[in-house]
Amino acid sequence: MSRRWAVPAAFAGTALLLFVVAPLALSPFRLDQLGRYLCFAIVAVGIGLAWGRGGMLTLGQGVFFGMGAYLMAMHLKLADAGPGGTPDFMALISSDGVPWWWEPFRSEVVTLLAILLLPAAVAAVLGLATFRRRVRGAYFAILSQALAAAFAILLIGNPTGTGGSTGLSGFRGFFGFALADPANRLVLFFTAAGVLLVLLALARQLMVSRYGELLVACRDAEERVRFLGYDPATVKTAAFVVAAFTAGIAGALFVPIVGIVSPNDVGIVPSIGMLIGVAIGGRTTLFGPVLGAIAVAWAGSTLSEQFPSGWTYAQGLLFMLVIAFLPGGLASLAWRRTRPARPAAAAQPVPAPSGGS
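Numbering of residues starts from 1 in every chain and runs along the sequence as written. It should be noted that, the model being predicted, local features are given only for residues of pLDDT at least 70 and side-chain atom pairs only at 80 or more, the latter also being counted only at that level, while totals for whole chains, interfaces and linings use all residues. With hydrogens and water set aside, each side-chain value is computed from the structure's full complement of heavy atoms.

**Considerations on the confidence of the model for the protein chain**
Looking at the protein chain as a whole, the pLDDT averages 87, with 90% of positions reaching at least 70. Think of pLDDT as the predictor's per-residue confidence, scored from 0 to 100. Contacts were defined at the residue level, with two residues in contact if any of their heavy atoms lie within 4.5 Å. Considering only residues more than four positions removed or in separate chains, one finds that residues 343-357, a stretch of pLDDT under 50, has zero contacts.

In structure tokens, the structure reads:
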């Protein structure tokens with residue numbers, strides 16, 4: 001009975017902390033910081049499903065996070081420029097006007113559909129192309145990391161379209177609401193918190209479903225799954241698509257909350273940072289990746305101010321220590337403490353003495 005109510009109680013406690021306690025206890029600045037951490041937690045939900053349940057070491061989630069972020073940033077810049085206007089950074093760099101591939105994102109509907117569908121579609125194409133060739137393990141990790149590096153280089157090399165190395169910033173509105181208004185900032189935080197809870201519920205349903213069992217089977221014994229008549233490439237691609245879907249939504253929320261997006265937010269280093277949080281929290285659990293991502297993001301904001309040159313090395317060392325000595329993350333410690341003791345061996349029956357009744 002206690003295990004049956006554990007997950008609903010965890011959801012209720014999380015909702016209480018995010019929607020009641022945090023707005024009352026934190027200042028507007030700290031609340032904005034927590035909203036930024038929640039964006040990384042949303043990414044962690046998808047990584048936990050793809051890596052923790054599917055065994056896919058996704059080192060390139062910054063690509064899908066960046067897609068959602070830049071799509072949202074493009075719409076906000078066009079909305080600030082007004083109907084038919086040119087964003088301020090384009091007017092300073094070039095006189096050619098708005099590129100043709102920017103024009104569709106003047107529409108709010110097109111922008112939202114692109115944020116939801118484009119990262120997932122790219123992940124579906126990449127997943128089928130790699131998993132059908134049975135690329136897995138370290139090879140898949142290296143391939144996804146190379147994609148993150150290529151995506152960052154592409155953004156830097158296109159200053160007229162993406163702002164180059166400085167990225168896009170200076171947003172004034174968000175779908176008709178002023179970003180400088182504290183009430184609208186609070187609504188953004190509530191939106192990020194609500195999206196996190198909804199995606200956590202979706203991940204929970206996938207984990208306990210028949211598909212979740214099949215995904216774990218592909219992680220542990222892929223050849224046996226293939227022998228039983230299933231296609232592991234399709235199963236793993238579906239998890240990869242869900243991870244890209246969550247990352248794209250997180251990137252779209254990141255832009256109005258933080259106010260800037262640049263290649264530094266989508267390259268190799270931030271992609272590894274997203275993975276480290278999942279590893280520390282516990283990649284095979286539901287809430288472990290979320291708590292780990294928030295903890296790592298908080299430590300990065302706090303410790304990097306005091307040790308700007310040492311935080312990256314500390315982050316990598318922490319990742320190696322967790323993988324080597326605590327592969328289940330910190331959540332495995334709690335699981336060991338709450339795991340019921342194994343029952344004692346049953347006593348062997350004593351044979352009746354010979355001749356007795």
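**Side note on the side chain of Lys236**
Structurally, the position occupied by Lys236 is in helix α11 (residues 232-258). Discounting residues that sit within four places of it in the chain, Lys236 has contacts with Met56, Phe131, Arg136, Leu215, Cys218 and Glu222. Going along the chain from the N terminus, every DSSP run of H or I of four or more residues is numbered as a helix, and every run of E of two or more is numbered as a strand.

**A look at the environment of Leu78**
Take Leu78: it is sitting in helix α3 (residues 61-81). Sequence spacing of Leu78 and Thr111 is 33 residues, and the spatial spacing of their C-alpha atoms is 11 Å. For Leu78, the residues in contact, after removing those within four places along its chain, are Pro87, Val98, Trp102, Phe105 and Arg106.

**Considerations on α3**
Each residue after the first adds 1.5 Å to the expected span of a helix. Helix length check: α3 (21 residues) gives 30 Å between terminal C-alpha atoms against 30 Å at 1.5 Å per residue, within 8%. Of all the 21 residues making up α3, 19 are buried; the element is thus mostly covered by neighbouring parts of the structure. Of the residues one or two after α3, Gly82 is the one with positive phi, at around 90 degrees. Between buried and exposed lies partly exposed: a residue is buried under 20% and exposed over 50% of the maximum accessible area for its type, with that area taken using a 1.4 Å probe on protein chains only.

**Side note on the pattern of salt bridges**
For salt bridges, the criterion is a side-chain nitrogen of Lys or Arg within 4 Å of an Asp or Glu carboxyl oxygen. According to the stated counting rule, one finds 10 salt bridges in the structure shown. Of the charged contacts, one joins Arg185 and Asp32 as a salt bridge, the two residues approaching to 3.5 Å between their closest N and O atoms. Highlighted residues: Arg185 in helix α8 (residues 182-208) and Asp32 in helix α2 (residues 28-53), separated in sequence by 153 residues. Exposure remark for Arg185: the relative accessible area of 18% places this residue in the buried category. Note that Asp220 and Arg219 form a salt bridge whose closest N and O atoms lie 2.9 Å from each other. One continuous salt-bridge network, built from bridges that share partners, spans Arg136, Glu222, Glu223, Arg226 and Lys236.

**Examining the packing of α8 against α11**
At their nearest, the axes of α8 and α11 sit 10 Å apart, and the two run at 170 degrees to each other. Relative to α11, the element α8 is oriented roughly antiparallel. Mapping the contact onto sequence places Arg185, Leu188, Thr191, Ala192, Val195, Leu199 and Leu206 in α8 and Val242, Phe245, Thr246, Ile249, Leu253, Pro256 and Ile257 in α11. Note on geometry: axes are lines fitted to C-alpha atoms, helical ones only across the stretch in contact, with angles between N-to-C directions running from 0 to 180 degrees. Comment on the angle field: the value is read as roughly parallel under 35 degrees, roughly antiparallel over 145, roughly perpendicular from 65 to 115, and oblique elsewhere.

**Description of the packing of aromatic side chains**
In summary, the pairing rule links any two rings of Phe, Tyr or Trp, Trp by its six-membered ring, whose centres are within 6.5 Å, and it sorts them by plane angle into stacked for under 30 degrees, edge-to-face for over 60 and tilted for everything else. If you walk through the whole model with that rule in mind, you get 13 aromatic pairs. Judged by centre distance (5.9 Å) and plane angle (55 degrees), the ring pair of Phe40 and Phe254 falls under tilted. You can see Phe40 sitting in helix α2 and its partner Phe254 sitting in helix α11, a full 214 residues away along the chain. On the basis of relative accessibility, which here comes to 17%, the residue Phe40 falls in the buried class. Of the residues examined, Phe254 reaches a relative accessible area of 3% and is grouped as buried. Pairing Phe64 with Phe240 gives two aromatic rings, centres 5.6 Å apart and planes at 80 degrees, and the pair type is edge-to-face. Of this pair, Phe64 sits in helix α3 while Phe240 sits in helix α11; the two residues are 176 residues apart in sequence, bridging distant segments of the chain.

**A few points about the packing of α3 against helix α5 (residues 108-131)**
Where α3 meets α5, the closest approach of the two axes is 9 Å, and the angle between their N-to-C directions is 165 degrees. Regarding the angle of α3 to α5, the classification is roughly antiparallel. As α3 runs across α5, the sense of the crossing is right-handed. Note on element contacts: α5 touches α3 through Glu108, Thr111, Ala114, Ile115, Leu118, Pro119, Val122 and Ala123, opposite Phe64, Met67, Gly68, Leu71, Met72 and His75. We call Asp, Glu, Lys and Arg charged. Ala, Val, Leu, Ile, Met, Phe, Trp, Tyr, Cys and Pro are nonpolar, and the rest, Gly among them, are polar. Here the residues of the contact of α3 with α5 are counted per class, giving 10 nonpolar, three polar and one charged. Each crossing is labelled by how the near helix is turned from the far one, with a counterclockwise turn of less than a right angle marking it left-handed and a clockwise turn marking it right-handed.

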